[in-house]
Protein chains: 2
Amino acid sequence: MRDPDNFSDTPAPPARKRTTRAKNAEATRQNILEAALSEFARSGFSGARVDTIADMTQTSKRMIYYYFSNKEELYLAVLEESYKKIRAFETEVSLDELSPVNALRKLVEATVDYQAGHPDFIRIIMNENILQGSNIERLPELRSVNSGAIDLLRRLCARGVDDGSFREDINPVDLHMNISALSFFNVSNRYTFGFIFDRNFSDPEVHAARREQIVESILRYVRAA
Amino acid sequence: MRDPDNFSDTPAPPARKRTTRAKNAEATRQNILEAALSEFARSGFSGARVDTIADMTQTSKRMIYYYFSNKEELYLAVLEESYKKIRAFETEVSLDELSPVNALRKLVEATVDYQAGHPDFIRIIMNENILQGSNIERLPELRSVNSGAIDLLRRLCARGVDDGSFREDINPVDLHMNISALSFFNVSNRYTFGFIFDRNFSDPEVHAARREQIVESILRYVRAA
DNA sequence: TCCTTGTTGTACCATTTGGTACATTGCGGA
DNA sequence: TCCGCAATGTACCAAATGGTACAACAAGGA
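Because the structure is a prediction, the values reported are computed rather than measured.

Reading guide: rules and limits
Starting afresh in each chain, residues are numbered from 1 along the sequence in its written order. Chains and ligands are labelled sequentially in the order written, the chains with letters from A and the ligands with numbers from 1. Local features in this predicted model are restricted to residues of pLDDT 70 or higher, and side-chain atom pairs are both shown and tallied only at a pLDDT of 80 or more, whereas totals for entire chains, interfaces and linings draw on every residue. Excluded from the side-chain calculation are hydrogens and water; included are all heavy atoms of the structure. Only DSSP runs of H or I with at least four residues qualify as helices, and only runs of E with at least two residues qualify as strands; both kinds are numbered from the N terminus onward. Categorising residues by exposure relies on relative accessible area from a 1.4 Å probe, with only protein chains included: less than 20% of the type maximum marks a residue as buried, more than 50% marks it as exposed, and the intermediate range marks it as partly exposed. Note on contacts: a residue pair qualifies if any of its non-hydrogen atoms lie within 4.5 Å across the two residues. Per-residue and other accessible areas follow the Shrake-Rupley method at a 1.4 Å probe size, with only the shown protein chains counted as cover for residues. Summary of the distance rule: residues count as near a molecule or strand when at least one heavy atom falls within 4 Å of that molecule or strand. Polar contact is the term for a pair of N or O atoms within 3.5 Å; when the atoms are in protein, one must be able to donate a hydrogen and the other to accept it, and sequence-neighboring residues count only if both atoms are side-chain atoms. By the convention adopted, Pro, Cys, Tyr, Trp, Phe, Met, Ile, Leu, Val and Ala count as nonpolar, Lys, Arg, Asp and Glu as charged, and the other residues, Gly among them, as polar. Each reported salt bridge corresponds to a side-chain nitrogen of Lys or Arg within 4 Å of a carboxyl oxygen of Asp or Glu. When the copies are superposed, the least-squares fit takes in the C-alpha atoms of residues with a pLDDT of at least 70 in both. When two parts are put together, the accessible area they lose, computed with a 1.4 Å probe and summed over both, is reported as buried area.

Chemist: So what exactly am I meant to see when it comes to the overall build of chain A here?
Modeler: Scanning chain A for helices and strands turns up ten helices and zero strands. Reading chain A from its N terminus to its C terminus gives the helix and strand order α-α-α-α-α-α-α-α-α-α. Here chain A holds 225 residues, and the buried ones make up 52% of them. If you take every contact in chain A between residues at least 6 apart in sequence, the share linking residues at least 24 apart comes to 68%. Working note: accessible area of chain A is about 10,600 Å², and carbon and sulfur atoms make up 50% of it.

Chemist: Looking at this structure, I do not really get the protein's contact with DNA strand D. What am I missing?
Modeler: In the region of DNA strand D, 18 residues are neighbours, and Arg 49, Lys 61 and Tyr 65 of chain A together with Thr 59 and Tyr 67 of chain B sit closest. Here the atoms of DNA strand D within 4 Å of the protein split so that 60% fall in sugar or phosphate, with bases taking the remainder. Contact between DNA strand D and Lys 61 of chain A: a base oxygen at 2.7 Å from a side-chain N or O atom of the residue. Those elements giving two or more residues to the surface near DNA strand D turn out to be helix H3 (61–67) of chain A together with helix H1 (21–47) and helix H3 (61–67) of chain B. Among the elements that take part in the surface near DNA strand D, H3 of chain B stands out by supplying four residues, more than any other. Of the residues assigned to the surface near DNA strand D, the class counts are seven nonpolar, four polar and seven charged.

Chemist: Whenever I open this one, the protein's contact with DNA strand C confuses me. Can you help?
Modeler: Of all residues adjacent to DNA strand C, which total 20 residues, the nearest are Arg 62 and Tyr 67 of chain A together with Arg 49, Lys 61 and Tyr 65 of chain B. Backbone sugar and phosphate groups make up 57% of those atoms of DNA strand C lying within 4 Å of the protein. Between DNA strand C and the protein, one listed contact pairs a base oxygen with a side-chain N or O atom of Arg 62 of chain A at 2.9 Å. The contact in question runs from a phosphate oxygen of DNA strand C to an N or O atom on the backbone of Lys 71 of chain B, over 2.9 Å. Elements with a contribution of two residues or more to the surface near DNA strand C: helix H1 (21–47) and H3 of chain A together with H3 of chain B. Its residues assigned to classes, the surface near DNA strand C shows eight nonpolar, five polar and seven charged.

Chemist: Sorry if this is basic, but what is going on with the pattern of salt bridges here?
Modeler: Pairs can form between side chains of opposite charge whenever their charged atoms are close. Residue and element names in this part refer to chain A. Overall, the coordinates contain 28 salt bridges over all chains when judged by the stated rule. Between Glu 39 and Arg 42 there is a salt bridge, and its shortest N-O distance comes to 3.8 Å. Separated by three residues within a single helix, Glu 39 and Arg 42 lie in helix H1, roughly one turn from each other. The class for Arg 42 is partly exposed, based on a relative accessible area of 41%. Ionic contacts of the salt-bridge type, sharing partners, join the residues Glu 72, Glu 73 and Arg 138 into one network.

Chemist: Teacher, can you tell me more about the relation of the copies chain B and chain A here?
Modeler: In this structure, two copies of a chain are linked by a rotation about an axis accompanied by a shift along it. The operation relating chain B to chain A is a screw motion whose rotation component is 180 degrees, with 0.0 Å of axial translation and a residual RMSD of 0.0 Å. Read as a symmetry element, the transformation amounts to a two-fold axis. A shared binding surface is used by both copies, with 100% of the interface residues of chain B retained as interface residues in chain A.

Chemist: Whenever I open this one, the interface of chain B and chain A confuses me. Can you help?
Modeler: Listed per partner, the contact involves 56 residues of chain B and 57 residues of chain A. In this assembly, chain B packs against chain A so that about 5,200 Å² is buried in total across both faces, 62% of it on carbon and sulfur atoms. Inspection of the region where chain B meets chain A yields four salt bridges. For the salt bridge of Asp 174 of chain A with Arg 210 of chain B, the shortest nitrogen-to-oxygen distance reads 2.7 Å. Looking at the side of chain B that touches chain A, the elements with two or more residues in it are H1, helix H6 (119–130), helix H7 (141–162), helix H8 (172–188), helix H9 (190–197) and helix H10 (204–222) of chain B. The leading source of residues in the side of chain B that touches chain A is H8 of chain B, at twelve residues. Class assignment of the residues belonging to the side of chain B that touches chain A gives a composition of 23 nonpolar, 19 polar and 14 charged.

In short, geometric facts, not functional conclusions.
This is the structure in structure tokens:
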């Protein structure tokens, strides 16, 4: 994913291979972003330590401030990239050749799996909500990004109404919210809920069973009559 | 619930009445707990400032360390009290004289309203999950506390199956999880979701409409056939 | 070859922050 | 009335933490 060249975490031997500096620049930036995602997700904005991020990087703290002028900007960059990645995922799921019911099933399953597979993303969003959305407001382009998800559902609902499998009065935003809520909660509250009710969501079987319940819940929500 | 005596939220005039010290002691502790809940909820564990909590209090930082030996213990006390309060609420909702469908409707509505009315509680739980449940593990009594919620649902399901209104294969933990997820998400993701999809959940009408969708979703989830 | 410019490492600083030393006050029991 | 101890206020500290000064290095154009 990245040129590991002459950077390493340990006190480091002088220098080994050698690539052009220009090439490393972007790689360094990405390297920082990945480390930052992990650290912000683990500890929240305030809990995250810039020094810790630097240590996870193949470069130094100096570089963090070189590419992202301060901690807040770095956090913002992480937030933006996280949302862009989930959008990319959504558009990848191909549903057009499936029946409405099967398409919705597939979409829900994919969403549940995606969220479960990206706990860092979930935590970043949780953290942003603790901060009362103060940063996301600076990223207005996310609105158009996410409205794609609604369009997708709107079309799907229309198809479902046409073939008689869905009821008519479904608001796609509510539907999206139901899907999001059920798949988000699985991950977001994994620790407290898992502890209190003794469910280990890391277990693949537990995950699959829960996913089926979510699918069931959504299908029952949209089905006609 | 508490002796309101000479405590108030505003900067407050020097000192007014005068109660016995002993009496004030418990009040001071409660006063600190309330301030801490608010601050931890607003900023998360790391983001919360002990000095800020002290400022919100009618007493000094010294007292925080007197009653709770350090920041972590204070956080733990807040977490514990939050859970105990939500338990108290659940047992208060009386459902026995209602039909299963109406009882479930009432329970869901009450849950949605309760969570919406206690955003600080929601944030505390979010924060605890960001911390990967490291503190809740030290409060094993919460397990028995919350298992009451499951018992309630189990009985309700049995009644519903008896009178033919509910399907037979409902797992009460899954049902509880659905209810929790849908009502939790409303509050937990209020800022990001609200911003992206332009929904203001503080608006009573928006809240009521969403609540009805959640009830609908749950009822469809349990209904027979 | 040399100089400009983007990139990077080292060492350091000022402030913030959790936490404490120490003195003081006043209630309640003897 | 007086003393012991719970309760509290003031002032302070050491460590952690976000951020920076400054120098140096490398690559590419002149």
